[in-house]
Amino acid sequence: MIVTYWLAAALALLVLAAAFIRAKRSARNREESSHSARHQFPADEAAVQANAFAKASPLKERLFEPAVKREQPLVLIVDDGNALRMLMAEMLQEEGYCVLQACTGREAIDTWLSEKPDCVLLDIRLPDISGIDVLREIRKANNLAPVALMTAFADADMLAEARKLVFHCLLDKPFDLLHVKQAVREMAGGMHHREIS
């Protein structure tokens, strides 16, 4: 019964957040339409260009600039929950971040190795391998990029292993999307380990 309540509450929060983001985007589009045609750009032009580029060339054949040359931080979201992942992506794009998405651990590792994102939002429980295994692979590349772990079920052994591998923060599901925004903002500017609940 309690689980059902939390799931319903989380779903309600997701619906409200999606409505807020859409309203914000509509207001911005109306404001942009009042400017001259030369000032009109899509709200997420960088994401549109990135998606077009991704469709035009295979992942392994693409070349990427180092993170220091990017205009906006590149965030990788790894979660097998499509609705939540897409909502987080839309929210972060609204904030000006470039966003990549993966729904399995192996896809996350491939994307990480190819694209070298600036920070990662990583679900601990994934359908193929655990988020801890993904974090381990990221660390094997001698990379200290900030990773925020997300979980609805905190397992003590998994968290102990994650602490050895170093992570930025732990986001307990269901979480407020403002906490996700805060975590990404912090990760884009530095790395330290703490919990956000």
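Given the structure is predicted, the values throughout are model-derived calculations rather than measurements.

**Examining the pairing of strand β5 (residues 169-172)**
- Pairing of strand β4 (residues 147-151) with β5, which is carried by four bridges, proceeds in the parallel orientation. Note that in β5 the partner of Leu 149 across the bridge is Leu 170.
- Read from β4 through helix α6 (residues 156-165) to β5, the crossover connection turns out right-handed.

**Brief notes about the state of the cysteines**
- Throughout the structure, instances matching the rule amount to zero disulfides.
- Considering cysteine sulfurs only, Cys 169 is the nearest to Cys 119, which forms no disulfide, with 10.0 Å between them.

**Some words on the nonpolar core**
- Membership of the largest hydrophobic core comes to 25 residues, with the highest contact counts inside it found for Val 78, Val 120, Leu 122, Val 134, Leu 135, Val 147 and Leu 149.
- Sorting the residues of this core by element identifies β1 (74-78), β2 (98-102), α4 (105-115), β3 (119-123), α5 (131-140), β4 and α6 as the ones contributing at least two each.
- Of all the elements, α5 adds the most residues to this core, at four residues.
- With sequence-adjacent residues up to four places away left out, Leu 135 is seen in contact with Leu 122, Val 147, Leu 149, Ala 162, Leu 165, Val 166 and Phe 167.

**Some points on the pairing of β3**
- Buried residues dominate β3, accounting for five of its five residues.
- Along β3, one buried face is formed by Cys 119, Leu 121 and Asp 123 and the opposite face, lined by Val 120 and Leu 122, is buried too.
- Where β1 meets β3, four bridges bridge the pair, whose relative direction is parallel. Bridge assignment links Val 78 to a residue of β3, and that residue is Leu 122.
- One ladder, built from four bridges, connects β3 with β4; its direction is parallel. In the sheet register, Leu 121 faces β4, and the bridge partner there is Ala 148.
- Following the backbone out of β3, through α5 and into the adjacent parallel β4, one traces a crossover that is right-handed.

**Focus: the packing of α5 against α6**
- At their nearest, the axes of α5 and α6 sit 10 Å apart, and the two run at 10° to each other. The orientation of α5 relative to α6 falls into the category roughly parallel. For the pair α5 and α6, the sense of crossing is left-handed. When α5 is examined against α6, the residues Ile 132, Leu 135, Arg 136 and Arg 139 are found in contact with a partner set consisting of Met 158, Glu 161, Ala 162 and Leu 165.
- In terms of residue class, the contact of α5 with α6 is built from five nonpolar, no polar and three charged.

**Here's the deal with the pattern of salt bridges**
- Summed over all chains, the structure comprises seven salt bridges.
- Between Asp 133 and Arg 136 there is a salt bridge whose closest N-O contact spans 2.7 Å. Of this pair, Asp 133 and Arg 136 both sit in helix α5, three residues apart, which is roughly one turn of that helix.
- The class for Asp 133 is partly exposed, based on a relative accessible area of 30%.
- For Arg 136, a relative accessible area of 25% gives the class partly exposed.
- Among the ionic pairs, Lys 164 bridges to Glu 161, the shortest N-O distance being 3.9 Å. Separated by three residues within a single helix, Lys 164 and Glu 161 lie in helix α6, roughly one turn from each other.
- Look at the salt bridges and you will find they share partners, linking Asp 133, Arg 136, Glu 161 and Lys 164 into a network.

**Digging into helix α7 (residues 177-187)**
- Along α7, the residues classified as buried are Leu 177, Val 180, Lys 181, Ala 183, Val 184 and Met 187. Buried residues along α7 cover an arc of 165° about the axis, so they all sit on one side.
- With a side-chain oxygen lying 2.8 Å from the backbone nitrogen of Leu 178, the N-terminal cap of α7 falls on Asp 176.

The rules behind each value
- Residues numbered from 1 in each chain as written.
- Predicted model: local features only at pLDDT ≥ 70, side-chain atom pairs only at ≥ 80, totals over all residues.
- Heavy atoms only, no water.
- Pairing = 2+ DSSP bridges.
- Helix = DSSP H or I, 4+ residues; strand = E, 2+ residues; numbered from the N terminus.
- Right-handed = clockwise from strand over helix to strand, strands pointing away.
- Disulfide = S-S within 2.5 Å.
- Core = buried A, V, L, I, M, F, W, Y, C linked by side-chain atoms within 4.5 Å.
- Buried < 20%, exposed > 50% of the residue type's maximum accessible area, 1.4 Å probe, protein only.
- Contact = heavy atoms within 4.5 Å.
- Axes fitted to C-alpha atoms, helices over the stretch in contact; angles between N-to-C directions.
- Parallel < 35°, antiparallel > 145°, perpendicular 65-115°, else oblique.
- Left-handed = near helix turned anticlockwise from the far one by under 90°.
- Nonpolar A, V, L, I, M, F, W, Y, C, P; charged D, E, K, R; others polar.
- Salt bridge = Lys/Arg side-chain N within 4 Å of Asp/Glu carboxyl O.
- Arc of directions from axis to C-beta.
- Polar contact = N/O pair within 3.5 Å; in protein donor to acceptor, adjacent residues only side chain to side chain.

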